[in-house]
Structure formats: C-alpha cells, structure tokens
Amino acid sequence: MDETVSQSAANIPRLGRNVTRRVNSLMGVQIIGTGSYVPELVRTNQQMAEQCPGCDPDWIEQRTGIRERRIAAEEESTSDLAVRAAQYALAKAGLYASDVDLLVVGTFTPDYQCPSTACLVQDRLGLDAPAFDVQAACSGFMYALTTAAQYVATGNSRLALVIGADCNSRIVDQTDRSIAPLFGDGAGAVLLAPGTMQQGLKAYQLASDGSGGMMLDRKAGGTRFPLTPEAIRSGEHYLQMDGRNVFKWAVRTVTESIEVVLESAGLSRHDVSLYVLHQANQRIIDAVAEKLGLAPDRFLNNVHKYGNTSAASIPLVLDEACSAGVIDRGDTLLMCGFGAGLTWGTSLLVW
C-alpha cells in the first residue's frame, strides 16, 4: 500500500466517517502453537527492477520498507503453503492432526472458486473436522481467528486450527511497478484451545466499510464481471489499488480502532506488551506508531523480508516472535489486520 499511487476517490463518499465504537470480548481461549511457511524463492528489489520497468530498488525500500519477498514456485498454490504452516504448528506444539476438530482458513487467493481451500487443506492433513474459508483479504487472519475463537470459547471446539495464507504473486501484474513490488506469498497458522478466563480476546473489533470497496479490488472473475478474454487482455483480473487513499485510510482507521479497543478494555497504549499490525507497508506501521506516541520498537515487523503477505502476515510475525522467545504467557498483544473490503479487525489478546 504505497501512498504515491493515486486514482480518483470521488466514488468513495463515506470513508471520512468515524470508526465504529462497537467492541466485544471473548475470554477463555489461548494460542498453544504457531507455525509458518514461506516459499524458497526470494525476489529482491533489484530482481524486481529487472523484470518490472520503472522499478527502482532504493525507491521501493524507501516508500515501503520492503527489501525482498518470497514467490511461490510454479507448482505451489495457497493450499500448499497452508498445509506446510499447519504441519509446522502441530509439530512444534507436539500435537497431531487427529486432535484438530475445526479448521478455518483466511485467504483471498484460493486454489479454486470451489472447493474451498480449507477443504483441500483438511484432506491433505487428514482432519476429521469441519473446514471453511473466510474471505476478508488482508484482515482474513483476524476474521478467521475471532471466528474460530467463538467455537472454542463455547465448548464446540477443543482444538481449532486457524490459518492465514495467500499466494499474492498469482493475482498481481508482475510488470506493474505500482503494485507488484508490494506483495509476497506465505502462510501462518495458530492452534486455538480452551484457556483460563484470564486468557483470550480481552477486547476485539471486527468492522467493514464497503463504500471503499473499489479502492482495492479485482474487478473480473466474479458474477458481476465474469472472466472473459477481453477482461484478461485489459488486466482486470489483477489486483488494483488506489494506493494514496488506501494509505491514508489505513493510518487513520488503524489508529482509531486501536484507541477504541484500548478504551473499551480500560487499558492505555503503554499497557500493551507488543503490537502486531498487518505487514502492508512499513510507513503505515511507523505512521500509526507516531500517532499513538509509541516507539517503533514496540511493533513487531518482518515486512522487509516478506512484503505484504495479506492474510499470512500477522501469523507469520507471531510465529517468528514465538520462535525467538519474544512472547511470554500473560503478555497482552495488540493485533490489527486491515485491507480490501474495506475491512479491519483489531484485538487485544492476553497470551
């Protein structure tokens, strides 16, 4: 999401409205395992410049914070990335696929229109569990996490597998310098289980503003605009973005949503152990930190290595942090995903 790319926002009349004040709470759940997977192929900014006319390596890093990203191999799809992340999460937690009784996958780059990517992952892992996708683009993991948490908190799931996975390289025009350098591929997974009443989502907000849907969309391929040879020739099957307005919307909305959730929980911004925001653009993260009056080191980041991995970005950061021993039991994490829809999801998770 780079602020330098602009289209007219004249058809987006309601984006100035305030963030909703509606906040909920859901305690009694805990994350007991994390895992992640990124493809082996690394594409640096210099390599992007060689294949994408007009791309300058230094410009990419200065405007986005991204130095490189991972690109799925020709034979890899979203479900492949998701399966690997899930296998790592189960192995690290010392659990088995037979223990999982629910699977929720957040993705907006499914293998197929149908069957769902979740059903493909369920089959590959050999799960005896219901499986379904949640489509909220870059907010997908937050939507999937809070959905699965409802099942766990009510006793209808004992171990839920939640995956955020996207294969963005397949839906962006790799010669479009305004968008191709921003995105990478990857998957992250968490295992949700019952916890104490001091653990869980102390406060969370899921919200949307469909009036801004055209700011970040893939026009062709649905029932409104079916995929046709003409649509492919014009590139309407690729992701399009009004970068300048998305940037401004993201900074304002994320900041306001964080403030609303903190106020609802009766906490200050300084009571949060770590902030984990969707890794869209380092400048968005830095701008939010500045507006909140917080030091940048309070925010966990890996956008420089992976770019924007959409629904995978937050669980990728979580897995890295857990592997590094950065997160301890009792810590309060502020997580926020935001993106196409427009959608956003913010939560205070007591680890």
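Given the structure is predicted, the values throughout are model-derived calculations rather than measurements.

(A) Representation of the environment of Phe 299. In this fold, Phe 299 is placed in the loop between helix H8 (282–292) and helix H9 (303–306). Exposure remark for Phe 299: the relative accessible area of 5% places this residue in the buried category. Along the primary structure Phe 299 and Val 29 are separated by 270 residues, whereas in three dimensions their C-alpha atoms are 23 Å apart. When residues no more than four places from it in sequence are discounted, the contact partners of Phe 299 are Tyr 275, Leu 277, Ile 285, Ala 289, Leu 292 and Leu 294.

(B) Geometry of the pattern of salt bridges. The tally for this structure, following the rule as stated, stands at nine salt bridges. Note that Arg 124 and Asp 80 form a salt bridge whose closest N and O atoms lie 3.0 Å from each other. A residue pair is termed long-range when its members are at least 10 positions apart, and Arg 124 in helix H4 (residues 117–125) and Asp 80 in helix H3 (residues 78–93) qualify at 44 residues. Under the relative-accessibility criterion, Arg 124 is labelled partly exposed at 46%. Between Asp 319 and Lys 92 there is a salt bridge whose closest N-O contact spans 2.4 Å. Here Asp 319, found in helix H10 (residues 313–323), pairs with Lys 92, found in helix H3; they are 227 residues apart in sequence, far enough to count as distant.

(C) Broad picture of the confidence of the model for the protein. Per-residue pLDDT for the protein has a mean of 92; in total, 95% of the residues score no lower than 70. Across residues 1–14 the pLDDT falls below 50, and counting only partners more than four positions away or on other chains, this stretch makes 46 contacts in the model.

(D) The arrangement of the nonpolar core in detail. Counting residues in hydrophobic clusters, the biggest one holds 45 residues, and the most contacted among them are Ile 258, Tyr 275, Leu 277 and Phe 338. Mapped onto this core, the elements with two or more residues apiece are strand E9 (200–208), helix H7 (243–265), strand E12 (274–277), H8, strand E13 (332–339) and strand E14 (343–350). The greatest single-element share of this core, amounting to 11 residues, is contributed by H7. Counting residues in each nonpolar core, the second largest holds 33 residues, with Phe 141, Val 190, Ile 327 and Leu 333 among its members.

(E) Expanded view of the packing of H7 against H8. The geometry of H7 relative to H8 is characterised by a closest axis approach of 9 Å and an angle of 45° between their N-to-C directions. Classed by the angle they form, the pair H7 and H8 counts as oblique. Between H7 and H8 lies a crossing of right-handed hand. Taken together, the residues of H8 that come into contact with H7 (itself represented by Phe 247, Ala 250, Val 251, Val 254, Thr 255, Ile 258 and Glu 259) are Arg 283, Ile 284, Ala 287, Val 288, Lys 291 and Leu 292. Within the contact of H7 with H8, the residues separate by chemical class into nine nonpolar, one polar and three charged.

(F) Just the packing of aromatic side chains, in detail. Inspection of the entire model under this criterion finds two aromatic pairs. Judged by centre distance (6.0 Å) and plane angle (65°), the ring pair of Trp 249 and Trp 344 falls under edge-to-face. Residue Trp 249 is found in helix H7, and its partner Trp 344 is found in strand E14; the two are separated by 95 residues along the sequence. Each member of the pair, Trp 249 as well as Trp 344, carries the same accessibility label: buried. Here the basic side chain of Lys 219 rests over the ring of Phe 225, its NZ or CZ set 4.7 Å away from the ring centre.

(G) Here's a closer look at the layout of surface pockets. Roughly 880 Å³ of volume is contained in the largest pocket. Lining the largest pocket we find 29 residues, and of these Phe 108, Gln 113, Gln 135, Arg 218 and Ala 220 sit closest to its centre.

(H) Representation of the state of the cysteines in the model. Summed over all chains, the structure comprises zero disulfides. Just so you know, Cys 55 is unpaired, no disulfide at all, and the nearest cysteine sulfur is the one on Cys 52, 3.3 Å from it. Take Cys 55: its relative accessible area is 11%, and that puts it in the buried class.

So, how was this worked out
- Residues numbered from 1 in each chain as written.
- Predicted model: local features only at pLDDT ≥ 70, side-chain atom pairs only at ≥ 80, totals over all residues.
- Heavy atoms only, no water.
- Helix = DSSP H or I, 4+ residues; strand = E, 2+ residues; numbered from the N terminus.
- Buried < 20%, exposed > 50% of the residue type's maximum accessible area, 1.4 Å probe, protein only.
- Contact = heavy atoms within 4.5 Å.
- Salt bridge = Lys/Arg side-chain N within 4 Å of Asp/Glu carboxyl O.
- pLDDT = per-residue confidence, 0-100.
- Core = buried A, V, L, I, M, F, W, Y, C linked by side-chain atoms within 4.5 Å.
- Axes fitted to C-alpha atoms, helices over the stretch in contact; angles between N-to-C directions.
- Parallel < 35°, antiparallel > 145°, perpendicular 65-115°, else oblique.
- Left-handed = near helix turned anticlockwise from the far one by under 90°.
- Nonpolar A, V, L, I, M, F, W, Y, C, P; charged D, E, K, R; others polar.
- Phe/Tyr/Trp six-rings, centres within 6.5 Å; stacked < 30°, edge-to-face > 60°.
- Lys NZ or Arg CZ within 6 Å of the ring centre and 35° of its normal.
- 1 Å grid on protein atoms, 1.4 Å probe; cavity = no way out; pocket = protein on both sides within 12 Å on 5 of 7 lines; lining within 4 Å.
- Points joined across faces, edges and corners; volume = space filled by probe spheres on them.
- Disulfide = S-S within 2.5 Å.

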